[in-house]
Amino acid sequence: MSLLDFFYRNRAEIWMLTLEHLWLVGLSMLLAVAIGVPLGVLITRKASLNKPILGSANVIQTIPSLALFGFLMPLPWLGARADRLAIAALTGYALLPVIRNTYTGIMGVDPGVREAARGMGLTDWQLLWHVELPLALGVILAGVRVATVITVGIATIAAAIGAGGLGEFIFRGLAMVDNRVILAGAIPAALMALAADFFLGWAGRRLVPASK
Amino acid sequence: MIEFRNVRYSADRQRDVLLNLNLKVEVGETLVLVGRSGCGKTTTLKMINRLLDPSEGQILVEGRPVRDWDPIRLRRRIGYVIQEVGLFPHFTIERNIGLLPQLEGWPPERRRQRVDELLQMVSLDPAEFRGRYPRELSGGQRQRVGVARALAADPPILLMDEPFGALDPLTRAEIQRGFLALQKRLRKTIVFVTHDIREALVVGTRIALLEAGKLVGTYSRTAFLNSTDPAVAAYRDVLRTGDGATES
């Protein structure tokens, strides 16, 4: 059976695992942004937290993914279900690019603009909302883009702990020594990463008209 | 209107940037702070709108110590114009000027009128400029917008920190003239920082000379030109030899 035939015959399962994969990536990215952007903003306000927060995110990223899954497994609520564990780990991996880019993006705002805004009487929230975040958006989105592509990749390993996703095919194919099965997982995953990169790049260009 | 009482400012424990400053700014006057780079004039300015707080002493605005003011409310009663201008690059000129009125809750129609009014005041055609972005404007135009923005909520006080310093001599002269005409109309209380003595004599009603963090004295234009004080004489010499700007 050719590869294309194999894909067609198993299209239901491929589709289901793709959706599972999207779910893992989507939820993790949502959490990473919801946690990472505020943390990034926080360290622009409190320089003393810079090292601890960026440092922690960096440490998480340095831990090999399979090892991180292993570390989280004994934990009470998180370790109980494979998908919770996977999402926690994936969120952890996505944090560093998001936090760091939020920080860099905001710090990159022209100091003259910031000084004029403060001198005008903008409160800190108004400064953040009207000036800093809009101007930092491009850089933040770039961080989200990098984080998403990384997450799509690491999510394939989630299958090793039973969290599902396209990694299922990859591991199954390795066990069965069947290339078609491996590719049934690898190709959609690769396509997903490319599509995410492309789409987020496009969205970035649309949302951020050259505001330099 | 604005008063400094025994103000001292030191950034780190070592050096006093400003020492024993006692100064009054009267309503409606344009007080120019002149002095070398590093003499403390920008520091003095920034203590008025609490971008900096003094190490010792008191600053009063409209009779109240600035420490008793809510910093946000204080700054909204004071227009602030800086050399870099700092226009918001992602906003049109209209939104730039209208931001403060918007935050103060002005209805859109009133904001629009105010923006047009201000653009005309700084000699920029509203129809042509209100929809443009800062990057499309020349340096002189940008600074005019900066002044318009500072005047948006009609504050009684204006602080200007070397506002025309980045402009070429011709544009600078033009904008100084426009500024004088505007000041005659609006009669704001203005504190203007510059190191250009010639500019000080053009725009100021009174000149305060600062040297190494100390106030040497305040002078009317004629008094400045006739003073026997050696510090003042040094500035007059510069005027005579030509270029009024000590460095650019």
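Preceding this paragraph is the structure being described.
Overview of the structure. Remember, it's a predicted structure, so these values are computed and weren't measured experimentally. (Residues numbered from 1 in each chain as written. Chains lettered and ligands numbered in written order. Predicted model: local features only at pLDDT ≥ 70, side-chain atom pairs only at ≥ 80, totals over all residues.)

Glancing now at the overall build of chain B. Looking only at helices and strands, chain B features ten helices and ten strands. Computed over the C-alpha atoms, the radius of gyration of chain B is 18 Å, within 12% of the 18 Å expected from 2.2 N^0.38 for a compact globule of 248 residues. With the C-alpha coordinates of chain B rotated into their principal frame, the extents come out at 55 × 45 × 30 Å. A burial count over chain B gives 41% of its 248 residues as buried. By sequence separation, contacts in chain B at least 24 residues apart represent 68% of the contacts at least 6 residues apart. (Helix = DSSP H or I, 4+ residues; strand = E, 2+ residues; numbered from the N terminus. Rg over C-alpha atoms; globule rule 2.2 N^0.38 Å. Buried ≥ 20, exposed ≤ 12 C-beta atoms within 10 Å, placed from the backbone. Contact = placed C-beta atoms within 7 Å.)

Here the focus is the sheet that holds strand β4 (residues 56-61) of chain B. All names here are of chain B. Read across the open sheet, the four strands follow the order β2-β1-β4-β5; overall the sheet is antiparallel. Each edge of the open sheet carries a strand with a single partner, namely β2 (18-25) and β5 (64-65). Here strand β1 (residues 2-9) runs beside β2; their pairing, made up of five bridges, is antiparallel. By the bridge assignment for β2, valine 7 is matched with leucine 21. Sitting on the sheet, helix α1 (residues 41-48) touches β1, β2 and β4, and the angle it makes with β1 is about 120°. (Pairing = 2+ DSSP bridges. Axes fitted to C-alpha atoms, helices over the stretch in contact; angles between N-to-C directions.)

At the junction of the two partners, chain A supplies 16 residues and chain B supplies 16 residues. Counting residues per element, the side of chain A that touches chain B draws most heavily on helix α6 (residues 111-120) of chain A, which supplies seven residues.

Below, the discussion takes up unusual backbone geometry. All names here are of chain B. Its identity is not glycine, yet arginine 50 carries a phi of approximately 60°, on the positive side. Looking at the secondary structure, you find arginine 50 in the loop between α1 and β4. Judged by C-beta crowding, with 21 C-beta atoms within 10 Å, arginine 50 ranks as buried. Positive phi is not limited to glycine here, since aspartate 154 has a value of about 55°.

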